[in-house]
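# Per-entry structural report
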Amino acid sequence: MKNLTRQYEVANEKAKKFMKNGQIAQYFEALLEVNKYKRLMNVVVSN
């Protein structure tokens, strides 16, 4: 769980960095990665 949380935080920071730099395509890809880790954390918590 700690590993998933850290990966989620890193992906979230990348998304914010891309948003500030105006890199829209990379921003959306990073958001998809954030969403993936968020879903994985929910699965771990529910089990």
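Rules of the game
- Residues numbered from 1 in each chain as written.
- Predicted model: local features only at pLDDT ≥ 70, side-chain atom pairs only at ≥ 80, totals over all residues.
- Heavy atoms only, no water.
- Helix = DSSP H or I, 4+ residues; strand = E, 2+ residues; numbered from the N terminus.
- Buried < 20%, exposed > 50% of the residue type's maximum accessible area, 1.4 Å probe, protein only.
- Areas by Shrake-Rupley, 256 points an atom, 1.4 Å probe, with all protein chains shown as cover.
- Axes fitted to C-alpha atoms, helices over the stretch in contact; angles between N-to-C directions.
- Parallel < 35°, antiparallel > 145°, perpendicular 65-115°, else oblique.
- Left-handed = near helix turned anticlockwise from the far one by under 90°.
- Contact = heavy atoms within 4.5 Å.
- Core = buried A, V, L, I, M, F, W, Y, C linked by side-chain atoms within 4.5 Å.

## Description of the overall build of the protein chain
Helix and strand counts for the protein chain come out as two helices and zero strands. The C-alpha extent of the protein chain, read off along each of the three principal axes, is 40 × 15 × 10 Å. Looking at the 47 residues of the protein chain, the share that counts as buried comes to 19%. Summing over all exposed atoms, the protein chain offers an accessible surface of approximately 3800 Å²; the carbon and sulfur share of this is 55%.

## Digging into the packing of helix α1 (residues 2-21) against helix α2 (residues 24-46)
Geometrically, a packed helix pair is captured by the angle between its two axes and the distance between the axes. The geometry of α1 relative to α2 is characterised by a closest axis approach of 8 Å and an angle of 160° between their N-to-C directions. It follows from the interaxial angle that α1 and α2 lie roughly antiparallel. Read as a crossing pair, α1 and α2 show a hand that is left-handed. Packed against α1, whose contacting residues are Leu-4, Thr-5, Gln-7, Tyr-8, Ala-11, Asn-12, Lys-14, Ala-15, Phe-18 and Met-19, the element α2 presents Gln-26, Tyr-27, Ala-30, Leu-31, Glu-33, Val-34, Tyr-37, Lys-38, Leu-40, Met-41 and Val-44 at the interface.

## Details of the nonpolar core
Grouped together as the largest cluster of nonpolar side chains are five residues: Leu-4, Ala-11, Val-34, Tyr-37 and Met-41. Of all elements in the fold, only α1 and α2 reach the threshold of two or more residues within this core. Other than its neighbours up to four places away in sequence, Ala-11 contacts Ala-30, Glu-33, Val-34 and Tyr-37.

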